[in-house]
Amino acid sequence: MARRKVKKEVDNKKLIIEAFAEMAREKSIDRDLLQGIVEETLKMMVRKKYGEESNFDCIVNMDKGDIEIYLMKDVVEEVEDPQVQITPQQVLELTGEEMEEGDEYIEEITLENIADSFGRRLVSQAIQNLNQRIRDVEKDNIYEEYSSRVGEVIIGEVYQVRPNNILVMHNKVEMRLPREEQIPTERLKKNNQVKAILKEVRRSGGATGLPDLILSRSDDNFMARLFEQEIPEIYDGIIEIRSIAREPGERAKVAVTSFDERVDPVGACVGMKGIRIHAIVRELNNENIDIIEYTDDPRLFIARALSPAKVRDVQIDEAARQATVIVPDDQVSLAIGRNGVNVRLASKLTGFSLSLVKEGAEDIELVEFKSELGTELYNKLISAEIDTAREFLEAEPALLLTMMDKDRILGIRKIMLDEFEEREDTHWVAALEQAVNAPAGDADADGEDAIAEEVQEEFDNALVEEGATDESGETPDTEDTDGAED
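Given the structure is predicted, the values throughout are model-derived calculations rather than measurements.

It is worth spelling out the overall build of the protein chain at this point. Tallying secondary structure elements over the protein chain gives 19 helices and 15 strands in all. By the burial criterion, 38% of the 486 residues in the protein chain qualify as buried. Long-range contacts, defined as pairs at least 24 residues apart, comprise 59% of the intrachain contacts of the protein chain with a sequence gap of at least 6. Surface summary for the protein chain: the accessible area is close to 28,500 Å², and the carbon and sulfur share equals 45%.

What follows is the structure in structure tokens.
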């Protein structure tokens, strides 16, 4: 009779202890919870192999590295239920021991013989089940941890740059910075350290089924958190941020107020030699930031929000949340800002729909007609220093013909004149026809006279306005606008 080959026993307890400790540490899973998962997995294996009614006990001790299963059966002469009963003859065949009816047979299953007892297929299924349970626990832990941290500033490392997302690693947890939440002018690279606010946590949608953690650098709250970090008075509650308006990467306006009359809110935010605000500007990729002192007076608040421009008067309609701002001629470009950014941010900051009017005559900034003009034509007009509707209506026909045809000029003029409730100027239309029909680089005497008369009329109007200003005794304000946006 062939002798049964005895397998060499290997002590794996140390390896088990180390493996459990490393798994608990890497997955941030409580050791007792991990031990419970392993026990449930072993019980599942026993029930599948020996039946639901089987009598067994599982022992898992992660501290000592013990993983043992004890399967218990009653010894009987005739087996009625093989899940819980066994004959003395079967015990003799299995162990070589003689047992009598009424005894309890205990079969011990350890790591050394687990594959022989359950089979490789069942062991493989158990491993898959164990991994899935661990992933579910890890998923719940991540969701619970970070859902309570929404609104906090996270510092992570860029580990992958994709066309529509930047993947950021924070404490071995993957986070996502979508394109729409990035600063448009910023280009992050792999291994760069990045600071962003945790904007949203979704239970699913992330890598390998983990929660989807959404970061943002363009959100207004991110700027608010940066102010809290850099300015102790805001963190301590002495100064409060009342509102923020941003165009990420380009410009922002922040309204602040102080609860202590001894503390200047604007000066505290700027800091000595601008050191505080410059730290925030650098973090936001050199985004220009205007600090505005908040006031309950909406007229004064709107005037401050339009800085660096200085306005003459503000007329508001509280019910409609609209305001008409009278702006001196030399301050119009500052009030509008590059591509209308200053007036847009001021409107968002104050909550009022703002209409800018030149001092002395009703006017509308050109940005209000951007949808009718189109971006390309709008940019051309701005480059030609035509910033308002009045300037467009008074522009030389020859200049406008270099940008568009006659029909489009007349169509745009009609839209603007309808806004002012005025009729078309027949003399200007005649000058336009003359400019259209004149050969390139040439014009007849009548055409030249018409253009000359129009230029003279504009010059006379300008002199009249200047004389009116001198008689009032007011001198136009001047300001050093180096570095300001036009």
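Past the structure itself, the notes keep going.
Below, the discussion takes up the packing of helix α2 (residues 31-50) against helix α5 (residues 120-147). Closest axis-to-axis distance for the α2/α5 pair is 10 Å, and the angle between their directions is 150°. Of the two elements, α2 crosses α5, and the hand of that crossing is right-handed. Where α2 abuts α5, its residues Leu-33, Leu-34, Ile-37, Val-38, Glu-40, Thr-41, Met-44, Met-45, Lys-48 and Lys-49 lie against Leu-122, Val-123, Gln-125, Ala-126, Asn-129, Leu-130, Arg-133, Ile-134 and Val-137.

Okay, the side chain of Asp-212 next. Counting through the fold element by element, Asp-212 comes out in strand β9 (residues 212-216). Asp-212 gets classed as buried once you look at its relative accessible area, which sits at 7%. At 2.7 Å, the side chain of Asp-212 forms a polar contact with the side chain of Arg-176.

With that settled, the discussion passes to the environment of Leu-188. Here Leu-188 lies in the loop between β7 (173-178) and β8 (193-202). Accessibility expressed as a relative area gives 16% for Leu-188, which makes it buried. Contact partners of Leu-188, with chain neighbours within four places excluded, come to Val-158, Val-161, Ile-166, Leu-177 and Val-194.

Now for the sheet that holds strand β12 (residues 288-293). Ordered in space as β10-β11-β12, the 3 strands form an open sheet in which the pairing is mixed. Of all strands in the sheet, those with a lone pairing partner are β10 (239-247) and β12, marking the two edges. The mean angle between the axes of side-by-side strands here comes to 20°, regardless of whether they run parallel or antiparallel. Examined bridge by bridge, β10 and strand β11 (residues 251-258) share 8 bridges and lie antiparallel to one another. Pairing of Ile-244 across the sheet is with Val-254, part of β11. Its contacts with the sheet place helix α6 (residues 220-230) against β10, β11 and β12, and it is angled at close to 140° to β10. With respect to the sheet, helix α10 (residues 298-305) is in contact with β10, β11 and β12, its orientation differing from that of β12 by roughly 160°.

By size, the foremost hydrophobic cluster in this structure holds 25 residues, and its most contacted members are Ile-302, Leu-306, Val-325, Leu-349, Leu-354 and Leu-356. Elements that contribute at least two residues to this core include exactly α10, β14 (322-327), α11 (332-336), α12 (341-350) and β15 (353-358). It is α12 that provides the largest number of residues to this core, a total of 5 residues. Beyond its immediate sequence surroundings of up to four residues, Leu-354 is in contact with Ile-302, Leu-306, Ala-323, Val-343, Ala-346, Ser-347, Glu-365 and Glu-368.

Our next topic: α5. For α5, with 28 residues, the first-to-last C-alpha span of 40 Å sits near the 40 Å given by 1.5 Å per residue. Those residues of α5 that sit buried are Leu-122, Ala-126, Ile-134, Val-137, Glu-138, Ile-142 and Tyr-146.

Applying the stated criterion to the full structure yields 1 aromatic pair. Ring geometry for Tyr-294 versus Phe-301: centroids 5.0 Å apart, planes at 75°, classification edge-to-face. Taking NZ or CZ as reference, Arg-321 lies 3.9 Å from the ring centre of Phe-352, over its face. Residue placement shows Arg-413 over the ring face of Trp-428; its charged tip is 3.8 Å from the ring centre.

Another aspect to go through is the pairing of β9. The buried fraction of β9 is high, at 5 of 5 residues. Where β8 lies against β9, 5 bridges are found, and the strand directions are antiparallel. Bridging from a neighbouring strand, Ile-197 pairs with Ser-216 of β9.

Two numbers describe a pair of packed helices, the interaxial angle and the distance between the axes. Taken N-terminus to C-terminus, the directions of helix α17 (residues 406-420) and helix α18 (residues 426-437) make an angle of 165°; their axes are 11 Å apart at the nearest point. With respect to each other, α17 and α18 are oriented roughly antiparallel. Crossing geometry of α17 relative to α18 is assigned as right-handed. Listed contacts from α18 to Lys-406, Ile-409, Leu-410 and Arg-413 of α17 are Trp-428, Val-429, Leu-432, Glu-433 and Val-436. Here the contact of α17 with α18 is composed, by residue class, of 6 nonpolar, no polar and 3 charged.

Let us look at the pattern of salt bridges. Overall, the coordinates contain 24 salt bridges when judged by the stated rule. A salt bridge links Lys-348 to Asp-220; its shortest N-O distance comes to 3.7 Å. Placement of the pair is Lys-348 in helix α12 and Asp-220 in helix α6, with a sequence separation of 128 residues. Given the relative accessible area of 47%, Lys-348 is considered partly exposed. The network of salt bridges with common partners includes Arg-176, Glu-200, Arg-202 and Asp-212.

Thresholds, definitions, all that
For every chain, the first residue of the written sequence is number 1, and numbering continues from 1 onward in sequence order. In view of the model being predicted, local features appear only for residues whose pLDDT reaches at least 70, and side-chain atom pairs are presented and counted only at 80 or more, with totals across whole chains, interfaces and linings using the full set of residues. Excluding hydrogens and water, the side-chain values take into account all heavy atoms of the structure. Counting from the N terminus, the helices are DSSP H or I runs at least four residues long and the strands are E runs at least two residues long. Each residue gets one of three labels from its accessible area relative to the maximum for its type: buried under 20%, exposed over 50%, partly exposed in between, using a 1.4 Å probe on protein chains only. Any two residues whose heavy atoms approach within 4.5 Å are treated as being in contact. In these tables, accessible area is a Shrake-Rupley quantity obtained with a 1.4 Å probe, and a residue counts as shielded only by the protein chains included in the view. For every element, the axis is a line fit to its C-alpha atoms; helices are fit only across the contacting stretch, and the angle between N-to-C directions ranges from 0 to 180 degrees. Rotating anticlockwise by less than a right angle from the far helix to the near helix defines a left-handed crossing, while the corresponding clockwise rotation defines a right-handed one. Distance and chemistry together define a polar contact, namely a pair of N or O atoms within 3.5 Å, with one atom able to donate a hydrogen and the other to accept it when in protein, and with adjacent residues in sequence counting only for side-chain atoms on both sides. DSSP-based pairing: two strands are paired if at least 2 bridges between them are found. Here the nonpolar core consists of buried residues drawn from Ala, Val, Leu, Ile, Met, Phe, Trp, Tyr and Cys, with membership extended through side-chain atoms lying within 4.5 Å. Expected span of a helix: the number of residues minus one, times 1.5 Å. When two rings of Phe, Tyr or Trp (its six-membered ring) have centres within 6.5 Å they constitute a pair, described as stacked for plane angles under 30 degrees, edge-to-face for angles over 60, and tilted for the intermediate range. Remark: a charge is flagged as sitting over a ring if the NZ atom of Lys or the CZ atom of Arg is within 6 Å of the ring centre and within 35 degrees of the ring normal. With respect to orientation, any angle under 35 degrees is reported as roughly parallel, any angle over 145 as roughly antiparallel, any angle of 65 to 115 as roughly perpendicular, and every other angle as oblique. Three classes are used, and their members are as follows: Ala, Val, Leu, Ile, Met, Phe, Trp, Tyr, Cys and Pro are nonpolar, Asp, Glu, Lys and Arg are charged, and the others, Gly among them, are polar. We define a salt bridge as a contact between a side-chain nitrogen of Lys or Arg and a carboxyl oxygen of Asp or Glu at a distance within 4 Å.

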